[in-house]
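In case you want the letters, here they are:
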Amino acid sequence: MMFKIEGNKIRSYLMAGALALASAAAFLPAMPAHAQVRTLPDFTDLVDQVGPAVVNIRTVEKVTPQGNGEMDEEMQEFFRRFFGQPMPGTPRQGPRSNRPQAPQEEERPRGVGSGFILTSDGFVMTNAHVVEDASEVLVTLTDKREFKAKLIGVDKRTDVAVVKIDATGLPAVKVGDVSKLRVGEWVMAIGSPFGLENTVTAGIVSAKQRDTGDYLPFIQTDVAINPGNSGGPLINMRGEVVGINSQIYSRSGGFMGISFSIPIDEAIRVSDQLRATGRVSRGRIGVQIDQVTKDVAESIGLGKAQGALVRGVEAGSPGDKGGIEPGDIITKFDGKTIEKPSDLPRLVGNTKPGTKSSVTVFRRGSTRDLSVTVAEIEPDKPAKRASERDESPAKSPASAAAKSLGLALSDLTEAQKKELKLKNGVRVDAAAEAAARAGLREGDIVLAISNVEISSVKEFESVLAKADKAKPISVLFRRGDWAQYALIRPSR
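Please read these numbers as outputs of a predicted model, since none were measured by experiment. (Residues numbered from 1 in each chain as written. Predicted model: local features only at pLDDT ≥ 70, side-chain atom pairs only at ≥ 80, totals over all residues. Heavy atoms only, no water.)

Engineer: So what about the overall build of the protein chain? Which residues, and what values?
Structural biologist: Looking only at helices and strands, the protein chain features 13 helices and 28 strands. Put simply, the protein chain has 492 residues, and 42% of those count as buried. Taking as baseline every contact in the protein chain between residues at least 6 positions apart, the subset at least 24 positions apart corresponds to 62%. Here the protein chain displays about 27,600 Å² of accessible surface, and carbon together with sulfur accounts for 52% of that area. (Helix = DSSP H or I, 4+ residues; strand = E, 2+ residues; numbered from the N terminus. Buried < 20%, exposed > 50% of the residue type's maximum accessible area, 1.4 Å probe, protein only. Contact = heavy atoms within 4.5 Å. Areas by Shrake-Rupley, 256 points an atom, 1.4 Å probe, with all protein chains shown as cover.)

Structure, rendered in structure tokens:
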């Protein structure tokens, strides 16, 4: 059966439906203007703009062929005696030459990387690991011109290197402001992955201030970076370089979705020193640091888990001379807040040696302002350990209070204090139950309990007797050269 509907009725139905839709739309939340239209970015203009300033870097190393000289001579003598001719592959020698020549060094390809032109007069920036230990560095421009580069300087700590080619009028990159870089914005990389020159990849900034090293807060992206991209630029949508592609997270050797770039402001600071002196000078104050946990911060009255816990102070170092002690928590350096431990070496490292700097520390429940004169950093050395030689300690009877924590303690002899370079502290002879669970063990030196310095077992017992047993008890102790906090939770 078919229904026949007149034309004027159809128009009425349509108008009613349109009015209903309009009414419903009025109750829907309005979309932000910036979110109404989203299109994928077009990188073509950026490639044309920045591409000519990106270079391919090939390195060569000289190697000496390995061989057994005596065996070669025996084989040559064998061929001359029985075949009347030299051994195949042996260079012809003149009538006066009786001995084979010493093996000659030969050049072999070492690797391929990327870089970018910093200045129009030929300074090129790349990664230190791209050019390190190379006997020859060859730079190829996008116009196929190839130059033999001079190594200006390498800084392994930041993985930054600068080389120089003999050319002028070159296209140089524009340096961007990393502080304006936002997580989620589009970025692009140009480089030579697997030797494939002028390869363009793109993605977004995944994170900033990513800690993977002492001196660098890396930029994390999902831009496809592979071997050969190292040293190439990370570029924002304004055509500015904001980083140097340096590392990837990978279990296979290839790209797995996470890559890291050196912030360009850090790299420029390093390159300026390399161009000026060929090396980088960094500050040091001679302290070993660790993280401040939330539980420790609350137990000692710091409140927020921030700053850098001083686990050890090098004897005679700027920190030692300035009054910094193991167990201090450095909260500020030159007025800048230390949010996490890695902030401190960056601030100190960027300070010119010889500078007098202020250091704010939290110690025994209060803050103190100290002054240190920053020294120049030395090459990395293995940490020196304190002597393990033990002397017979002055035994003290353990009280019920100490036993409740699982501790057996003894006073330090004057000889032990001198050897350990300590003015106070008591020795842990045994640690069990609550103390053992907190991480204490025999041989540790307890320096303070509940923010109070301890010089004897008697003082330890006195402070412990006044402590609130309902709360964890903070203990500052030293093990070897390192100081750290433990929270002992007494058994109830």
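Picking up where we left off.
Engineer: Help me get a handle on helix H6 (residues 264-277), residues and values and all.
Structural biologist: Across its 14 residues, H6 extends 20 Å between first and last C-alpha, which sits within 8% of the 20 Å expected from 1.5 Å per residue. Turning to H6, its buried residues are Ile 264, Glu 266, Ala 267, Val 270, Ser 271 and Leu 274. Angularly, the buried residues of H6 cover 150° about the axis, an arc narrow enough to put them on a single face. Those residues of H6 that are exposed and aimed more than 90 degrees away from the buried face are Ala 276 and Thr 277. (Expected span 1.5 Å × (residues − 1). Arc of directions from axis to C-beta.)

Engineer: Quick rundown of the pairing of strand S12 (residues 240-248)? Include the residues and the values.
Structural biologist: Counted residue by residue, S12 has 7 buried out of 9 residues, so it is predominantly covered. Bridge count for strand S7 (residues 174-175) against S12 is 2 bridges, and the pairing is parallel. Residue pairing for S12: Val 175 is matched across the bridge by Val 241. Taken together, the 3 bridges between strand S11 (residues 233-236) and S12 define a ladder with antiparallel strand orientation. Pairing of Ile 235 across the sheet is with Val 241, part of S12. Linkage of S11 to S12, two consecutive antiparallel strands, is achieved through a turn of 3 residues, within which Gly 239 is found at a positive phi near 80°. In this structure, S12 lies alongside strand S13 (residues 259-263), joined through 5 bridges in antiparallel fashion. Looking at S13, one finds that Gly 243 is bridged to Pro 263. (Pairing = 2+ DSSP bridges.)

Engineer: Kindly report on the nonpolar core, identifying the contributing residues and their values.
Structural biologist: Of all hydrophobic cores here, the largest spans 36 residues; its most connected members are Phe 116, Met 125, Val 160, Ile 244, Ile 262, Ile 264 and Ala 267. Val 426, Ala 434, Ala 435 and Ala 467 belong to the second largest nonpolar core, which has 21 residues in total. (Core = buried A, V, L, I, M, F, W, Y, C linked by side-chain atoms within 4.5 Å.)

Engineer: Account for the environment of Val 175, with residues named and values stated.
Structural biologist: Along the polypeptide, Val 175 turns up in strand S7. A residue is classified by how much of its surface remains accessible, and Val 175, at 42% relative accessible area, is partly exposed. Taking the C-alpha atoms as reference, Val 175 lies 7.4 Å from Ile 264; in sequence the two are 89 residues apart. Sequence-distant contacts of Val 175, defined by excluding residues within four places in its chain, comprise Glu 240, Val 241, Ile 264 and Ile 268.

Engineer: Can you break down the side chain of Asn 56 residue by residue, with the values?
Structural biologist: Here Asn 56 is to be found in strand S1 (residues 54-63). A polar contact of 3.0 Å, which involves the side chain of Asn 56, links it to the side chain of Ser 192. (Polar contact = N/O pair within 3.5 Å; in protein donor to acceptor, adjacent residues only side chain to side chain.)

Engineer: Give a detailed account of the packing of aromatic side chains, specifying residues and quantitative values.
Structural biologist: What the rule picks out here adds up to 2 aromatic pairs. Ring centres of Phe 43 and Trp 186 lie 6.0 Å apart, and the angle between their planes is 65°; on these two criteria the pair is classed as edge-to-face. Note that Phe 43 is positioned in the loop between helix H2 (33-36) and helix H3 (44-50) and Trp 186 in strand S8 (residues 186-191), a separation of 143 residues in sequence. Here Phe 43 falls in the buried class, since its relative accessible area comes to 15%. Geometrically, the ring pair formed by Phe 218 and Phe 260 is edge-to-face, given 6.1 Å between the ring centres and 65° between the ring planes. One end of the pair, Phe 218, is in strand S10 (residues 217-221); the other, Phe 260, is in strand S13, and 42 residues separate them in sequence. Here the two residues Phe 218 and Phe 260 agree in accessibility, since each one is buried. The ring of Phe 123 carries Lys 164 above its face, with NZ or CZ at 5.5 Å from the centroid. The cationic tip of Arg 275 hangs over the ring face of Phe 123; the distance from NZ or CZ to the ring centre is 4.3 Å. (Phe/Tyr/Trp six-rings, centres within 6.5 Å; stacked < 30°, edge-to-face > 60°. Lys NZ or Arg CZ within 6 Å of the ring centre and 35° of its normal.)

Without other data, these values stay purely geometric and don't point to any function.
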